[in-house]
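# Structural overview for review
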Amino acid sequence: MKLGVFLPNGQNGYIISKNSPQYIPTWEHMLEITQEAERVGLDFILSMIKYRGFGGETGYWDSCSDSIALACGLAAATDQIELYATVPMLGVHPAIAARMITTFNDISNGRAGVNFVTGWNKPEYSQMGLWPGEDYHANRFGLAEEYMRVVRDLWRDGRSNFKGKHYHLEDCECFPVPGREIPVVYAGQSPKGIEFTADYAEYNFMFGGPDKLRKASSEVRAASARVGRDVGTLALYTIIGADTDEDAAARCQEIVDGADEEALMNIVKSASMDNNPDGTSKHFRDGMTAPVEEGNLVFMGFPVIHGSWETIALKIKDLGERTGVSGMLLTFPDFVDGVKKFGKYSLPILRPEKTKT
């Protein structure tokens, strides 16, 4: 099972609480996390993008480093770890994205991947005049399919004459071509999202408890098999480790007790604009009352695995066996310390033959 880190390049990472570390993202912090992840033997990192945060007392996600620029810098400063940048389809034309990711792949010496996002948060894009209209939530996969066809044409052939509803290209060139299949991640949680992921991505990127993960992993594998592909699932989880199970549970509760209610309500308000059934935004809304193990919104809807570092390793092994996921994307309250301790105490249990010290 692949194990990676979801870089906290948005303000305060993935915890919406006054009782968790507060920080504005910096290059130095992201580099330290990534190099530590590489040192301990994790497989990949993925950085996010957000053009407008959710405010509140903590200024949640109000500051955010650009994902592609950040990934290129990290690629030049590492040697082995895979790196995924996030590209917003509404913010970057597919021909420009194809060239940027090709350059990123060159800098990384073939370690680059990309997380494409269709965009669910209307205020994030409407502030720039980029929101396509009130029907976008229902029809975004039409744009997404055209986007991927353009990108794939340019990566494969260096040229595209694609003509569709959303994109119209006239002998568009993008050289050099990357010379490899760039792996794609997509957060497909709705039925339409799963079908799109099966057609165009290598990994389905999602969060949810074990039952939801098992169902989604099975569905995306079945959908991809129907089109001759094999798509895996990457599960998003927050890790809260401590010396004992009791200490970790207490730390988890302390974070919940410090919830930034204003920021949480701003997330719910934005998510409520999307009526797509069973999608990411529904998970956010449900997260207001969900147990932390199933995806409470204080943790951005990511389920929490908490306990001693040994307990965490055993829970991860059990999760993999129960759900069939291909990998996990991990977050921590304190990323540098968390990655270091995960590598020192949890990885030897998960990967005894590969662990670095």
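So, here's what we can say about the structure. (Residues numbered from 1 in each chain as written. Predicted model: local features only at pLDDT ≥ 70, side-chain atom pairs only at ≥ 80, totals over all residues. Heavy atoms only, no water.)

## Let's talk about the overall build of the protein chain
Selection criterion: Numbering goes from the N terminus for both helices and strands, where a helix is a DSSP run of H or I of at least four residues and a strand is a run of E of at least two. C-alpha atoms define the radius of gyration in this analysis, and the globule rule sets the expected value at 2.2 Å times the number of residues to the power 0.38. What sets the accessible areas is the Shrake-Rupley method with a 1.4 Å probe; for residues, cover comes only from the shown protein chains. Under the counting rule used here, the positive set is Lys and Arg, the negative set is Asp and Glu, and His together with the chain ends is not counted. Charge positions come from single atoms, namely NZ of Lys, CZ of Arg, CG of Asp or CD of Glu.
For the protein chain, the count of helices and strands is 12 helices and 11 strands. For the protein chain, the C-alpha radius of gyration of 19 Å lies close to 21 Å, the compact-globule estimate for 357 residues. Referenced to the eigenvectors of the C-alpha coordinate spread, the extents of the protein chain come out at roughly 60 × 45 × 40 Å. Element-wise, carbon and sulfur atoms account for 49% of the exposed surface of the protein chain, whose accessible area totals about 14,300 Å². A gap of 4 Å separates the mean positions of the 36 positive and 48 negative side-chain charges of the protein chain.

## Some points on the pattern of salt bridges
Keep this limit in mind: Should a side-chain nitrogen of Lys or Arg be within 4 Å of a carboxyl oxygen of Asp or Glu, the pair is scored as a salt bridge. Exposure classes here rest on a 1.4 Å probe applied to the protein chains alone. A residue is buried below 20% of its type maximum, exposed above 50%, and partly exposed in between.
Considering all chains together, one arrives at 21 salt bridges under this definition. Ionic pairing is found between Arg156 and Asp153, a salt bridge with its closest N-O pair at 3.0 Å. Linking Arg156 with Asp153, this pair stays in helix H5 (residues 136–157), spanning three residues, or about one helical turn. On the basis of relative accessibility, which here comes to 52%, the residue Arg156 falls in the exposed class. Where salt bridges share partners, they join Arg152, Glu181, Glu202 and Arg229 into one cluster.

## What about a nonpolar patch on the surface?
As a reminder, the rule being used: Surface patches are drawn from residues lacking salt bridges whose relative accessible area is over 30%; two like charges belong together within 9 Å, two nonpolar side chains (Val, Leu, Ile, Met, Phe, Trp, Tyr) within 5 Å.
The grouping of Tyr51, Met128 and Leu130 at the surface amounts to a nonpolar patch, some 230 Å² of accessible area in total. Along the polypeptide, Tyr51 turns up in the loop between strand E2 (44–46) and helix H2 (67–76).

## Focus on the packing of helix H1 (residues 27–40) against H2
What counts here: Each axis is a line fitted through C-alpha atoms, taken for helices only over the stretch in contact, and angles between the N-to-C directions span 0 to 180 degrees. Throughout, the term roughly parallel applies to angles under 35 degrees, roughly antiparallel to angles over 145, roughly perpendicular to angles from 65 to 115, and oblique to all others. We call a crossing left-handed when the near helix sits turned anticlockwise from the far one by less than a right angle, and right-handed when that turn is clockwise. Two residues qualify as a contact provided that any one of their heavy atoms is within 4.5 Å of a heavy atom in the partner residue. Ten residue types, Ala, Val, Leu, Ile, Met, Phe, Trp, Tyr, Cys and Pro, are classed as nonpolar, four, Asp, Glu, Lys and Arg, as charged, and the remainder, Gly among them, as polar.
Two numbers describe how H1 lies on H2: the axes approach to 10 Å, and their chain directions differ by 50°. When the axes of H1 and H2 are compared, the pair comes out oblique. Considering only the axes of H1 and H2, their crossing is right-handed. Residue-level inspection shows Trp27, Met30, Leu31 and Thr34 of H1 in contact with H2, the latter providing Leu70, Gly73 and Leu74. Looking at the contact of H1 with H2 residue by residue, the class counts come to five nonpolar, two polar and no charged.

## Concerning the packing of helix H3 (residues 94–107) against H5
It is the contact of H3 with H5, at a shortest axis distance of 9 Å, that shows an interaxial angle of 45°. The orientation of H3 relative to H5 falls into the category oblique. Judged by the sense of rotation from one axis to the other, the crossing of H3 with H5 is right-handed. Seen from H3, the contacting residues are Pro94, Ala95, Ala97, Ala98, Ile101 and Thr102; seen from H5, they are Tyr147, Val150, Val151, Leu154 and Trp155. Across the contact of H3 with H5, the residue classes tally to 10 nonpolar, one polar and no charged.

## Let's talk about unusual backbone geometry
Going from Phe175 to Pro176, the amide bond is cis rather than trans, its omega being 0°. Position of Pro176 among the secondary structure elements: in the loop between strand E6 (172–173) and strand E7 (184–186). Look at Asn12: it is not a glycine, yet its phi comes out positive at around 70°. With respect to the helices, strands and loops of the structure, Asn12 is situated in the loop between strand E1 (2–6) and H1. Of note in the backbone geometry, Asn109 takes a positive phi value of approximately 60° without being a glycine.

## Concerning the side chain of Thr197
Along the chain, Thr197 falls in helix H6 (residues 191–200). Classification of Thr197 as buried rests on a relative accessible area of 0%. Apart from the residues within four sequence positions on either side, Thr197 is in contact with Tyr186, Gly188, Tyr203, Asn204, Val220, Arg229 and Val231.

## Notes on helix H9 (residues 261–271)
Applied cut-off: Within this analysis, the arc is defined by the directions that extend from the helix axis to the C-beta atoms.
Taken together, the buried positions of H9 are Ala263, Leu264, Ile267, Val268, Ser270 and Ala271. The buried residues of H9 occupy one face: seen down the axis, they fall within an arc of 165°.

## Things to note about the pairing of strand E4 (residues 112–117)
Going by this rule: Think of it this way: DSSP has to see at least two bridges between two strands before they count as a pair. For the handedness criterion, the strands are oriented away from the viewer, and a crossover whose path from the first strand over the helix to the second runs clockwise is classed as right-handed.
Buried residues dominate E4, accounting for five of its six residues. Bridge count between strand E3 (residues 82–88) and E4: six bridges; the pairing is parallel. Residue pairing in the sheet places Thr86 in a bridge with Asn115 of E4. For the crossover that starts at E3, traverses H3 and ends in the parallel E4, the hand is right-handed. Summarising the sheet, E4 and E7 pair through three bridges and their orientation is parallel.

## Structural notes on a negative patch on the surface
A cluster of like negative charges, contributed by Asp243, Asp245, Glu246, Asp247 and Glu310, occupies part of the molecular surface. With three residues, helix H8 (residues 245–257) is the single largest residue contributor to the negative patch. Within the secondary structure, Asp245 is located in helix H8.

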